[in-house]
Amino acid sequence: MTQSETLFENAQQYIPGGVNSPVRAFKGVGGTPIFIKTAKGAYLYDEDDNRYIDFIGSWGPMILGHRDQRVIDALHAQIDVGVGYGAPTAIETAMAKKICELVPSIDLVRMVNSGTEATMSTIRLARGYTGRDKIVKFEGCYHGHVDSLLVKAGSGALTLGVPNSPGIPASLAEHTLTVPFNDIESVRRVFAEMGDEIAAVIVEPVAGNMNCIPPVPGFLEGLRNVCDQHGSVLIFDEVMTGFRVSLGGAQERFGVTPDLTALGKVIGGGLPVGAFGGKRDIMSHISPLGPVYQAGTLSGNPLAMRAGLTTLEAISEPGFHDRLTEKTNTVRDGFKRAANAAGVPLVVQSAGAMFGFFFTDQNQVNSFEDVMRCDAERFGRFFNGMLKEGVYLAPSAFEAGFTSAAMSDEDIEHTLTAARKVMETL
Ligand code: PMP
């Protein structure tokens, strides 16, 4: 037995399923999860001393790679003066100012501890602000495990086949209206019927929890128009896309301005952080300015702020996203060429520094329905083949892949050589 297998057995005695987040259990791809001992730059090292090129990056945050020296130094400096106070600190304002500068639609921003908290708070705020209960979300979009949003969700909820979790009152779920991603006509129909009851539309501007699906032209613009017509709040969940699709997020890249934005992942530099922000008049309804309650014992934690701010400063260097996008495109196109050479039908898609690939003979994958027509079993074989070659991809056909600045040309060549080899075996 490998160390990872032994550790997984032990873990299952004390932790539900042996993991603290379901998708880590490798359920969708078979086998047992690898247990990580350490990480540096582009690499993860497991407890059996195998090395992997990491295309998950802690599910997005590690855009600089692991243990970037600037982040580590900032953390050490903070540890020396205190790890948390539960009182205001200057670093929180520096962080908020940086976010507001990078994402111009955000006038005011509140820090939280996870992406789930961020989206949950945007929904409560939108409901409190509009005095309406209903929200619109999209099939296959995942916004964390918020009750109202765990309806037809993606990510682990898809892999495990429980898009509607038990434990969510039907009386709450009925306020969540679900429509197909990239289908603006369906959105218009829902609004025509009950537009004056809809508090908000929440969307991943590039869907990253049913693999990687960019918006079709006009989709995000259409959402903006519909929300404006009906006085509903447009929420972009940029927990994944923020600071990754481009420095200013998907909203910058696609030129559509939401009212509220949920953030996470990259802004924590690997520590547990989320944030939500947006237009001043809406954000002014949050306590203590306004009546919509939201709080957090550890929110704005100075360690998390240091790691996050240092990361945001590093990725603000000119050309950072162009270089990372180029790397991502090389991986994306290399996978496609490897598949073509092996006669395996494959669709590849990407946006900035996130990418996806689908084992399917469709021309494009634009919706949850399209995703469900892909060959998940073949994905599992590809995943396990790549793992053996030292390449750690997301262990699910429903997750986007992430590149990091730490990946060298050699790492990418290693990855593509592995892809060519594994494609031949499919
Ligand atoms: N929104 C999106 C788009 C996400 O991808 C995720 C997590 N993958 C979340 C929200 C939830 O974030 P967290 O896991 O930090 O609660």
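Residues numbered from 1 in each chain as written. Predicted model: local features only at pLDDT ≥ 70, side-chain atom pairs only at ≥ 80, totals over all residues.

Draft legend 1. Quick look at the site of the ligand. Close contacts around the ligand come from 17 residues, with Ser-114, Gly-115, Thr-116, Gly-144 and Val-239 the closest. Of the residues belonging to the shell around the ligand, the class tally is four nonpolar, 11 polar and two charged. (Near = placed C-beta within 6 Å. Nonpolar A, V, L, I, M, F, W, Y, C, P; charged D, E, K, R; others polar.)

Draft legend 2. Structural detail: the domain arrangement of the protein chain. Taken domain by domain, the protein chain consists of domain 1 (3-67 + 318-424) and domain 2 (69-315). Taking only C-alpha atoms into account, the centre of domain 1 sits 24 Å from that of domain 2. The partner domain 2 presents 37 residues to the 35 residues of domain 1 that form the contact. Counting only elements with at least two residues in the side of domain 1 that touches domain 2, the list comes to helix H12 (320-342), strand E11 (347-351), strand E12 (354-358) and helix H13 (368-372). Per element, the largest residue contribution to the side of domain 1 that touches domain 2 is four residues, and it comes from E12. A per-class count over the side of domain 1 that touches domain 2 returns 19 nonpolar, 12 polar and four charged. (Domains from an automatic or database assignment. Contact = placed C-beta atoms within 7 Å. Helix = DSSP H or I, 4+ residues; strand = E, 2+ residues; numbered from the N terminus.)

Draft legend 3. Spatial organisation of the sheet that holds E11. Taken together, three strands build an open sheet; the order of strands is E11-E12-E14 and the sheet is antiparallel. Strands with a single pairing partner mark the edges of an open sheet, and in this sheet they are E11 and strand E14 (401-402). Across two bridges, E12 lies against E14 in antiparallel orientation. Residue pairing in the sheet places Phe-355 in a bridge with Gly-401 of E14. Strands E11 and E12 of the sheet are contacted by H12, whose axis makes an angle of about 175° with E11. (Pairing = 2+ DSSP bridges. Axes fitted to C-alpha atoms, helices over the stretch in contact; angles between N-to-C directions.)

Draft legend 4. Representation of the environment of Ile-286 in the model. By secondary structure assignment, the location of Ile-286 is in the loop between helix H10 (280-283) and helix H11 (302-315). Sequence spacing of Ile-286 and Ala-314 is 28 residues, and the spatial spacing of their C-alpha atoms is 31 Å. Setting aside anything within four residues of it in sequence, one finds Ile-286 in contact with Arg-110, Leu-125, Val-292 and Gln-294.

Draft legend 5. Here's a closer look at the sheet that holds strand E7 (residues 198-203). What the seven strands build is an open sheet, ordered E4-E10-E9-E8-E7-E5-E6; its pairing is mixed. Strands with a single pairing partner mark the edges of an open sheet, and in this sheet they are strand E4 (108-112) and strand E6 (176-179). Strand-to-strand twist of the sheet, defined as the mean angle between neighbouring strand axes without regard to direction, takes the value 20°. Examined bridge by bridge, strand E9 (residues 260-263) and strand E10 (residues 274-278) share four bridges and lie antiparallel to one another.

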